Amino acid sequence: METAARFRAAVETGDHGALEELFTEDVSFYSPVKFTPFEGRPLVMGLFGVLLRTFEDFRYVGRLEGTAETSADGTEAPSEILIFRATVNGKEIHGLDLLQFDEAGLIKEFTVMVRPQSAVQALGEAVLAGLVADGLVPDPSAAAQG
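Here is a short report on the structure shown in this document. (Residues numbered from 1 in each chain as written. Predicted model: local features only at pLDDT ≥ 70, side-chain atom pairs only at ≥ 80, totals over all residues. Heavy atoms only, no water.)

Turning to the packing of aromatic side chains, a few remarks are in order. Within the structure shown, the criterion is met by 13 aromatic pairs. Here the aromatic rings of F23 and F48 are separated by 5.5 Å at their centres, their planes lie at 40 degrees, and the arrangement is tilted. Placement of the pair is F23 in strand β1 (residues 23-30) and F48 in helix α3 (residues 41-54), with a sequence separation of 25 residues. Accessibility expressed as a relative area gives 0% for F23, which makes it buried. Both rings, one in F58 and one in Y60, keep their centres 4.9 Å apart while their planes meet at 85 degrees; by these two values the pair is edge-to-face. With relative accessibility at 19%, the residue F58 sits in the buried group. Taken together through their ring pairs, the aromatic side chains of F7, F23, F29, F38, F48 and F110 make up a single cluster. Positioned over the ring face of F38 is K34, at 4.7 Å from the centre of the ring. (Phe/Tyr/Trp six-rings, centres within 6.5 Å; stacked < 30°, edge-to-face > 60°. Helix = DSSP H or I, 4+ residues; strand = E, 2+ residues; numbered from the N terminus. Buried < 20%, exposed > 50% of the residue type's maximum accessible area, 1.4 Å probe, protein only. Lys NZ or Arg CZ within 6 Å of the ring centre and 35° of its normal.)

Now for the nonpolar core. Membership of the largest hydrophobic core comes to 37 residues, with the highest contact counts inside it found for F7 and F23. Of all the secondary-structure elements, those providing two or more residues to this core are α1 (2-13), β1, α3, β3 (56-69), β4 (76-88), β5 (91-101), β6 (107-115) and α4 (117-133). At 7 residues, the largest contribution of residues to this core is made by α4. Setting aside its immediate chain neighbours within four residues, F23 contacts F7, R41, V44, M45, F48, L106, I107 and F110. (Core = buried A, V, L, I, M, F, W, Y, C linked by side-chain atoms within 4.5 Å. Contact = heavy atoms within 4.5 Å.)

Residues lying three or four places apart along an α-helix face the same way, a consequence of the helix completing one turn every 3.6 residues. Between its first and last C-alpha, α3 extends 20 Å over 14 residues, near the 20 Å set by a 1.5 Å rise per residue. Among the 14 residues that make up α3, 10 are buried, leaving the element largely enclosed by the rest of the structure. Turning to α3, its buried residues are R41, V44, M45, G46, L47, F48, G49, V50, L51 and T54. (Expected span 1.5 Å × (residues − 1).)

In this sheet, β4 lies alongside β3 in antiparallel orientation, the contact comprising 11 bridges. Residue pairing across strands places L64 opposite I81, the latter belonging to β4. Adjacent in sequence and paired antiparallel, β3 and β4 are bridged by 6 residues, among which G74 carries a positive phi angle near 75 degrees. Relative to β5, β4 runs antiparallel, the two being bridged by 10 bridges. Following the sheet pairing, A86 is matched in β5 by I93. Hairpin geometry of β4 and β5 is characterised by an intervening segment of 2 residues between the two adjacent antiparallel strands and by a positive phi of about 50 degrees at N89. (Pairing = 2+ DSSP bridges.)

Rendered as structure tokens:
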């Protein structure tokens, strides 16, 4: 799918600006470290800004195409899985990005799966720090102190 190829190129080159036109306005991003999804293009774009800064030596190493049931309404949607490797704070990560597309070919749902658990923890800590630094989420340590 053309959108997946454009997405892959933007991520691999760190071109944050090229990502925005690939997502629906109401995109949902399902993270491996957060139960509820990140909702909406502005928040997802902010998250990608953090992710592009957080991952080291990020590279896609494979892809699979097909269909998958969406979380939103349970219908089958064209989908592509991009397999990646990266490093976060010295931890090697193996992961999958599941991109699910709407009728126009834009990314409607984005789900990330990563392993091993130590890498998931390192990723979660690094992304939270980035989200707090960018003002996208409140600092949980400030709430605990107040």
